Amino acid sequence: MLGSGLIQGLAVTAKNLVGSFHDPARYTNVEYPEVKTKLPEAYRNFPFLVTESASDPMGTLRCVACQICEKECPPQCIYIEKSKDKKPDATGKMQLFPAVFDIDTSVCMSCQICVEVCPFDAIKMDQVFEVATTSRFEALLLNRNQLAKPNTYYHSIHPTEAAEVDGRLAAERKAAEEKAKAAAAAKAAAAAAPKSATAAASATPPSTTPTPKPPAAPSAEAPKPPTPAA
Amino acid sequence: MSISDLSPLGAQGGSHVRAVHDEFHGDLLEVSMGPHHPSTHGVFRMIVTLDGETIVKLKPVFGYLHRNHEKLGENTSYLGSMPYTDRLDYLCSMTNNWAYAIAVEKLAGQPVPERAEYVRVILAEITRLLNHTCLAGFLMQDLGCSGTPLMYAFREREKILDLFESLSGSRMMCNYQRFGGCRVDPSADWLEGAKQLTDGYGQFLDEFEALLTGNEIIMARTQGTGVLSPELAVAAGVTGPMLRATGVNYDLRKTDAYGVYPRFDFRVPLGAHGDVYDRYMVRVLEMRESIKILQQALAGIPAGPIMDPKAKLRGFRPKAGEAYGRIEGPKGEIGFYLVSDGSPNPYRYRVRAPSFINLTILEDMCLGQTVADAVIILGSVDIVLGEVDR
Amino acid sequence: MIAAATTDAFLERAPVLLRDAVTGFLPEPWRTLVNALIAVGLILGIFGTLFAFITLAERKILGRVQNRPGPNRAPIPFINKRFFGLSQPFADGVKSLTKEDIVPRDADKVLHYLAPVALLAFSILTFAVIPYGRNLVPVELDAAVLYFFAAGAATELAVFMAGWASRNKYSLLAAMRALAQLISYELPLLLSWVPVVLIAGTLSTTAIVDAQAGWKFGFIPHWHVFTPWGFAGFVIFMVAALAESNRSPFDTPEAESELIAGHLTEYSGFKYALFFMAEYFGMLALSGMAITLFLGGWRSPLPFLEFIPSYLWFGGKLLALIFGFIWIRATFPRLRIDQLTRFAWKFLVPLALINLGNTIVWSLMSNSSALMQLARWPVCAAIILVPFVVLGRKLSAGVAPRIYRYA
C-alpha cells in the first residue's frame, strides 16, 4: 500500500533490465536471419514426396497415387492424377505412379494428416519454413517435381522417424521376400523340378497381396539405391 | 432526443440509458470501437454509446472472423476436423483437441490408454499455464503497460511453445490428440523438459505477481470494475475462471472428474467480487494449482501404449448416435456436440465455445463504466476471436 | 550570457570562449543578436539530437527491461555496419518525412496543421530560461520560473487543438481528457516549486541554482531535494511532470489501448513526428527545470568532483531523470482519467499545499538555536509524512490486496 507495490514493480523491472545483460534465462532472444534455432525433429511445415533416388526422383517416387491423402486432406489442398501406365518401383513391382501430384501450399495447413494416413510412407512433412515468394498463385502451387525429395533428405530432417520408417519398410520387404520365397518354394515343390535360380530373384513379389504393400526400400544408409530400368 | 434516435441500432438493449436528456447533459457520443482497434483482441467490435466517458450502452458485434467452422466439420471426416479445432482458440489447441477427442471417443465408445490420459492432463495443464499467462499479459497491455508484463508472459510462453513444438511438430496448431490416444509418445527427454518448465514456473509467477498483483494502479483500476454477479453469470451460462471469480464453485475437472483428474490433489480458487481483479487473481491462483497437478502427473505417468491399438485412423465411422464431450478448458467449458449418422462425417458438429458465451454478458459488465474500463473488462473476459466467431 | 569568470577551469569556460571567439569581432548590437541566434541554434541542435537518441534509448531500455534487444537493425549507410542500431532515429526521421501526410476530409485543416507547430513552438520556448551550466543560460530573466511554466502551460491548448481539429471521436475524447488532465496537474506542478521560490527568495533560475551552492559537512550538497520539503516538492513535481508530459502512467490522452492514439490518431508523417518531438522536448524541459529547482542545477554533488564541467553535470542529471521516466513507463499501467484527476485534486494538491506550510515552518525554525536546527528535520518530515499516509489511505480506500478462498 501507499506505493509499496509500485516500488516492488520497479524493482522487478530493474532486475530484468540488469538481468537481460548477463542472465541467459532472461534474455532468450535469437536474432533470426543471422542465427537460427535448431528445429526440433518433430517440426513440420509443408509435405514433400519421398523418393528413393536423388538422381532419378520421378522414377523412384514412393507414391503410388492411391489418393488416400487427397481424400483425407481437410483443406483439400492435394490434387493427384493417376498415371495411365504402371511403372516398376524400386523393387521392380509394377505400381501406378502420380502423373500429377500438386499441393497448394497456400491452402495447406500443415496438419500432417496426409502423412498419417499414407500407407506407403510416401509423403512426409518438410522442415523448410522460408517459403516466401513474390507470386501468390504459381509459386505456391507445388508440383511433383518440386515436392519430390530423396530419402536421404528425409533422414537428415527426421532421423529417428526415418530410421523407423526404413526399418519397417525393410522388414516389410523382407517379409515380402520371404513370402515370395515361400511362394516360389511352394511353386517349386509343386513343380517336379525345383529351380533354385528363381528364388534368387528377390524382386518378384507375390502376385496376390491383400493390401497394397509398400515398395521395398533400400537399406537405410544406402544413398544410391539401384535405379530401376526405365 | 432519446437514445434510440441517436443510435442506428434501435432501442433494444437500452434499458440502462440515463433518464435525463436536457441541454445541460448534452449529447451522447456513439463510438465504434473495432473491428480495427488495438485492444479488441482481434476483429471484435463494440458499438459504445458514451455519456462523456461513461458507457450507457454497448453492443458487441462479432462474426468478422467467421470461418464456417461448424459446417466445415460436417463436411470433413472426424479426423479432418481435428486440425480445425486447433484454430478455434489458437492459444489452447491442446485442450480443444482433447475436448473434440473426448466427444468422438464418447460417440464411438473408444477407450483411451492410461498413459495417454496422463499425457492429456499434462498438456491441458500446460495449456492452462500458457493461456492464463498470456491473458495476464494481454490484460496488462489493455491496462496500459508498455508491453513489459506481456513480454515476460511471452518469454515463458515461448518455453511452452518449444515443448509443444518438439512434441507435436507445431507451436500453436498442435493437432496432437487422436481418437483413442495421442499421436506421438512423449519421450523421456520431453517429460524431463516439461518437469523443468513446471519446476521453474512457480518462480516466474512469483516475479510476475511481484510486478503486478500488489501494484496500486492495477488494483485501483481493476477492483470494483466490471462486476459480474453470480446469478447473472450462472444465468448466462458463463463458465471457467470468469464464473469462479464470481464465487460459484464450478470446475468441470471436479464436477465431471473426466480423464484422470480425480487422481490429483488440487484446489479450485474462488473469487468473491466478480470484478476484473478477481478474474485476474483467480487465473493466477489457478496457475499455481496447475503446477501442482503437473508435478503429480509428471511423477505418476505410467508406461504403456499411447494409442489404443484398436483405434482406427482411416475409415473411422462411428455408429449412429450423438455425444457431447466437454472439458474444463482454460477459458471455460469447451464442448463439442456431435451427431453421427454412421457416415465418415458427422451429421451435426457443434462447438460450445467458452469465449463466445462468456462474451455475451459484456454489456451488463460495462454499463456505467468508462471506455477505459470497457477495454480491460473485455480483456478480462479472455476471448480469442477464432473461437468467438468460429 | 555573462562573460565567464576567469577563475573557472578552461573546460568550464570553453563554450563561452568559443562563442566569443566567433562573434567577438562584430559590433555590439550585432554581437548580441548573433549570440542569441547561436544560443537558439545550439539549443535546437543539441536538444534535437538528444531527442533523437532519447527515443532510441527509450526503445532500447524498454527492450532490455522486457528482455529483448530493442531496435538494432538500422545500419549506417554505405558502410553497412549496425552499431547496435544507432542510426535508427535517422531512419525514423527519414521515414516520417517521406510518409504521406494524411489530413481527414472533414478536419479543420488550419487547426490540424497548426496544432503540432504550436505544440513544438511552446515547448521549445521553455528551454530559454534553464541554466545549462555555469554562465550558460540563454536568457536571464528575473521571473524565469514564471515564464517557464507559462510557456509550458500553453501546450495544453495545442493538444486540445489537435484533438478537436481532427474531427475524430477518439481524438475528441482524448482532447477532453488532455484538458482535464493537464489543467488538473498544472496546479500541483506550480504549487510544488513555490517552496523553492520561498526559500531562495527569487524567481530567477540562475539565482535558484546559486542558492543551492555549497555543502553541509563538506559532502551533503545544499540541494533542495535533500530537505524534507524539497524532497516532497521534488516528488510532487516529478509526478506532475509525468502527467504534464503525457507519460505513462498518466498517458490517458493518447491511451493506445483505449483511444487508438488519442489526439494523434489522425496525424501521420512528419506532423506526428513533430508531436512526438514536442512531447520529448516537454519532458526534457520539465526535467531540466526539476534539476534547476531541486537537484542543484548544474552543480556537482561532491566538492572534489567540481573539475567536471558544469554542463556535463547538468547533462548527467538530465539523463538520469530521463532514465527514471523511461523506467516508470516500462513498469506501470495507466490510470483511469477520473482516478488521475482525483489523484491530482485529492492527493497532490493538498500535499503540495501542506508542503508549502512545511517550508514556512522550516524557514522559521532555521533562524533559531542549533537544537531547533536539528529538530526541524523530524518535524518537517512528519508534517509531510503524516498527511501523505492519511491522504494516501483515504485515496486508496477500498483498494487492497485480497485473500482468496478455495473450494
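It should be emphasised that the depicted structure is a prediction, and the values quoted were computed from it without experimental measurement.

Asks: Whenever I open this one, the overall build of chain B confuses me. Can you help?
Replies: In terms of regular secondary structure, chain B is built from 16 helices and 9 strands. Scaling as 2.2 N^0.38, a compact globule of 390 residues should have a C-alpha radius of gyration of about 21 Å, and chain B matches this with 22 Å. With the C-alpha coordinates aligned to their principal axes, the bounding extent of chain B is approximately 75 × 50 × 35 Å. Within chain B, the fraction of its 390 residues that count as buried is 57%.

Asks: In this structure, what is going on with the overall build of chain C? I would like to understand it.
Replies: Along its length, chain C carries 14 helices and 3 strands. At 23 Å, chain C has a C-alpha radius of gyration in line with the 22 Å of a compact globule built from 407 residues. Overall, the C-alpha framework of chain C stretches about 80 × 70 × 40 Å when taken along its three principal axes. Sorting the 407 residues of chain C into buried and exposed places 44% on the buried side. Partitioning the intrachain contacts of chain C with sequence separation of at least 6 by distance along the chain shows that 74% fall at a separation of at least 24.

Asks: So what exactly am I meant to see when it comes to the pairing of strand E9 (residues 346-352) of chain B here?
Replies: All names here are of chain B. Judged from the 6 bridges that link them, strand E8 (residues 332-340) and E9 form a sheet pairing that is antiparallel. Within E9, the position partnered with Val339 by the bridge is Arg348. The loop that links E8 with its antiparallel partner E9 comprises 5 residues; one of these, Gly342, has a positive phi angle of about 90 degrees.

Asks: Would you mind going over the interface of chain C and chain A with me for this structure?
Replies: Where interface size is given, it is often the accessible area lost as the parts come together that is meant. In this assembly, 13 residues from chain C lie in contact with 13 residues from chain A. Every element with two or more residues in the side of chain C that touches chain A is listed here: helix H2 (28-65), helix H12 (310-331) and helix H14 (370-395) of chain C. Residue composition of the side of chain C that touches chain A, by class: 7 nonpolar, 4 polar and 2 charged.

Asks: Honestly, the domain arrangement of chain B in this entry has me stumped. Any pointers?
Replies: Residues and elements named next belong to chain B. Partitioning chain B into domains gives domain 1 (3-61) and domain 2 (69-389). Put simply, the middle of domain 1 and the middle of domain 2, counted by C-alpha atoms, are 32 Å apart. Listed per partner, the contact involves 17 residues of domain 1 and 17 residues of domain 2. Contributions of two or more residues to the side of domain 1 that touches domain 2 are made by strand E2 (45-51) and strand E3 (54-61). For the side of domain 1 that touches domain 2, the element with the highest residue contribution is E3, accounting for 5 residues. Residues that form the side of domain 1 that touches domain 2 fall into these classes: 9 nonpolar, 7 polar and 1 charged.

Asks: Quick question: what am I supposed to make of the packing of helix H4 (residues 109-125) of chain C against helix H6 (residues 155-165) of chain C here?
Replies: What describes two packed helices is the angle between their axes and the distance between those same axes. Residues and elements named next belong to chain C. Contact geometry of H4 with H6 gives a least axis separation of 8 Å together with a crossing angle of 160 degrees. As far as their axial angle goes, H6 and H4 are roughly antiparallel. In this structure, the crossing between H4 and H6 has a hand that is left-handed. Contact residues: H4 offers Leu111, His112, Leu114, Ala115, Pro116, Ala118, Leu119, Phe122 and Ser123, while H6 offers Thr155, Leu157, Ala158, Val159, Met161, Ala162, Trp164 and Ala165.

Asks: What exactly am I supposed to notice about the confidence of the model for chain C here?
Replies: For any part of a model where pLDDT is low, the fine detail of the predicted coordinates should not be relied upon. Residue and element names in this part refer to chain C. When pLDDT is averaged across chain C, the result is 84; 98% of the residues are at 70 or more. Every residue in residues 1-6 is under pLDDT 50, and counting partners more than four places away or in other chains gives 10 contacts. We note a pTM of 0.85 for the whole complex and an ipTM of 0.85 for its interfaces.

Asks: How should the interface of chain B and chain C be read in this particular structure?
Replies: Taken together, the contacts link 39 residues of chain B with 33 residues of chain C. At the level of secondary structure, the elements contributing two or more residues to the side of chain B that touches chain C comprise strand E1 (29-33), helix H5 (114-143), helix H6 (148-168), helix H8 (216-222), strand E6 (269-270), helix H12 (276-300) and helix H15 (371-381) of chain B. Its residues assigned to classes, the side of chain B that touches chain C shows 19 nonpolar, 13 polar and 7 charged.

Asks: Looking at this model, I keep getting lost on the sheet that holds strand E5 (residues 98-104) of chain A. Mind explaining?
Replies: By way of backbone hydrogen bonds, the strands of a sheet pair with one another, either parallel or antiparallel. Residues and elements named next belong to chain A. Read from one edge to the other, the open sheet built from 3 strands follows the order E2-E5-E7, with strand pairing classed as antiparallel. Strand pairing shows two members of the sheet lacking a second neighbour, strand E2 (78-82) and strand E7 (141-142), which therefore form its edges. In the sheet, E2 pairs with E5 via 5 bridges, with the strands oriented antiparallel. Its bridge partner being in E5, Ile78 is matched across the sheet by Ile103.

Asks: Please explain the nonpolar core as it appears in this structure.
Replies: The nonpolar side chains of a soluble globular protein tend to be buried with one another. In terms of nonpolar packing, the biggest core is built from 250 residues, with Leu49 and Cys63 of chain A, Ala374 of chain B together with Phe237 and Ala290 of chain C touching the most fellow members. By residue number, the principal contributor to this core is H5 of chain B, which donates 17 residues. Residues lining this core come from more than one domain, with at least three contributed by each of domain 1 (3-61) and domain 2 (69-389) of chain B. For Ala290 of chain C, the residues in contact, after removing those within four places along its chain, are Phe234, Phe237, Met238, Ala241, Leu295 and Leu321 of chain C.

Asks: For this particular structure, what's the right way to read the environment of Arg390 of chain B?
Replies: Residue and element names in this part refer to chain B. Within the fold, Arg390 resides in the segment after helix H16 (385-389). The spacing of Arg390 and Glu70 is 320 residues in sequence and 7.5 Å in space, taken between C-alpha atoms. Not counting the four nearest positions on each side in its chain, Arg390 is found in contact with His66, Arg67, His69, Glu70, Leu88, Val351 and Ala353.

Asks: Just checking my understanding: could you explain the packing of H5 of chain B against helix H7 (residues 188-212) of chain B for this structure?
Replies: Residue and element names in this part refer to chain B. It is at 12 Å that the axes of H5 and H7 come closest, and there the two elements cross at 20 degrees. Taken as axis vectors, H5 and H7 run roughly parallel relative to one another. Like other packed secondary-structure pairs, H5 and H7 cross with a definite hand, here left-handed. Here Ile122, Ile126, Leu129, Ala136 and Met140 of H5 lie close against H7, whose contacting residues are Ala194, Tyr201, Phe208 and Leu212.

Asks: Where do I start with the confidence of the model for chain B in this structure?
Replies: For chain B, mean pLDDT is 85; residues scoring 70 or higher make up 94% of the total. Counted against residues more than four places away or in other chains, residues 1-17 of chain B, with its pLDDT under 50, gives 27 contacts.

Asks: Would you take a moment to explain H7 of chain B for this structure?
Replies: The periodicity of an α-helix, 3.6 residues per turn, causes residues three or four positions apart to be oriented the same way. The first and last C-alpha atoms of H7 of chain B sit 36 Å apart over 25 residues, in line with the 36 Å expected at 1.5 Å per residue. For H7 of chain B, every residue scored as buried is listed here: Ala194, Leu197, Thr198, Tyr201, Leu205, Phe208, Leu211 and Leu212 of chain B. Considering only its buried residues, H7 of chain B is in contact with helix H1 (4-22) of chain A together with H5, H6, H8 and H12 of chain B.

Asks: What am I meant to see in the sheet that holds E1 of chain B here?
Replies: All names here are of chain B. Pairing within the open sheet is antiparallel, and its 3 strands lie in the order E1-E2-E3. Every other strand in the sheet has two partners, leaving E1 and E3 as the edge strands with one partner each. Along the sheet, successive strands turn relative to each other by an average axial angle of 20 degrees, direction set aside.

Asks: Whenever I open this one, the environment of Lys292 of chain B confuses me. Can you help?
Replies: Among the secondary structure elements, Lys292 of chain B is positioned in helix H12. For the pair Lys292 of chain B and Leu91 of chain B, spaced 201 residues apart in sequence, the C-alpha separation works out to 21 Å.

Asks: Honestly, unusual backbone geometry in this entry has me stumped. Any pointers?
Replies: It is generally the case that most residues other than glycine have a negative phi and that most peptide bonds are trans. Residue and element names in this part refer to chain B. Not every positive phi belongs to a glycine, and Asn68 is a case in point at roughly 65 degrees. Relative to the elements of secondary structure, Asn68 occurs in the loop between E3 and helix H2 (69-74). Phi angles above zero are rare outside glycine, and Asp382 is one such case at about 70 degrees. Turning to its location among the elements, Asp382 is positioned in the loop between H15 and H16.

Asks: Mind showing me how you'd approach the environment of Phe347 of chain C here?
Replies: All names here are of chain C. Its place among the elements puts Phe347 in helix H13 (residues 337-365). Judged by C-beta crowding, with 20 C-beta atoms within 10 Å, Phe347 ranks as buried. For the pair Phe347 and Met283, spaced 64 residues apart in the sequence, the C-alpha separation amounts to 23 Å. Dropping the residues within four chain positions of it, Phe347 is found in contact with Leu391 and Leu395.

Basis of the calculations
Residues numbered from 1 in each chain as written. Chains lettered and ligands numbered in written order. Predicted model: local features only at pLDDT ≥ 70, side-chain atom pairs only at ≥ 80, totals over all residues. Helix = DSSP H or I, 4+ residues; strand = E, 2+ residues; numbered from the N terminus. Rg over C-alpha atoms; globule rule 2.2 N^0.38 Å. Buried ≥ 20, exposed ≤ 12 C-beta atoms within 10 Å, placed from the backbone. Contact = placed C-beta atoms within 7 Å. Pairing = 2+ DSSP bridges. Nonpolar A, V, L, I, M, F, W, Y, C, P; charged D, E, K, R; others polar. Domains from an automatic or database assignment. Axes fitted to C-alpha atoms, helices over the stretch in contact; angles between N-to-C directions. Parallel < 35°, antiparallel > 145°, perpendicular 65-115°, else oblique. Left-handed = near helix turned anticlockwise from the far one by under 90°. pLDDT = per-residue confidence, 0-100. Core = buried A, V, L, I, M, F, W, Y, C linked by C-beta atoms within 7 Å. Expected span 1.5 Å × (residues − 1).

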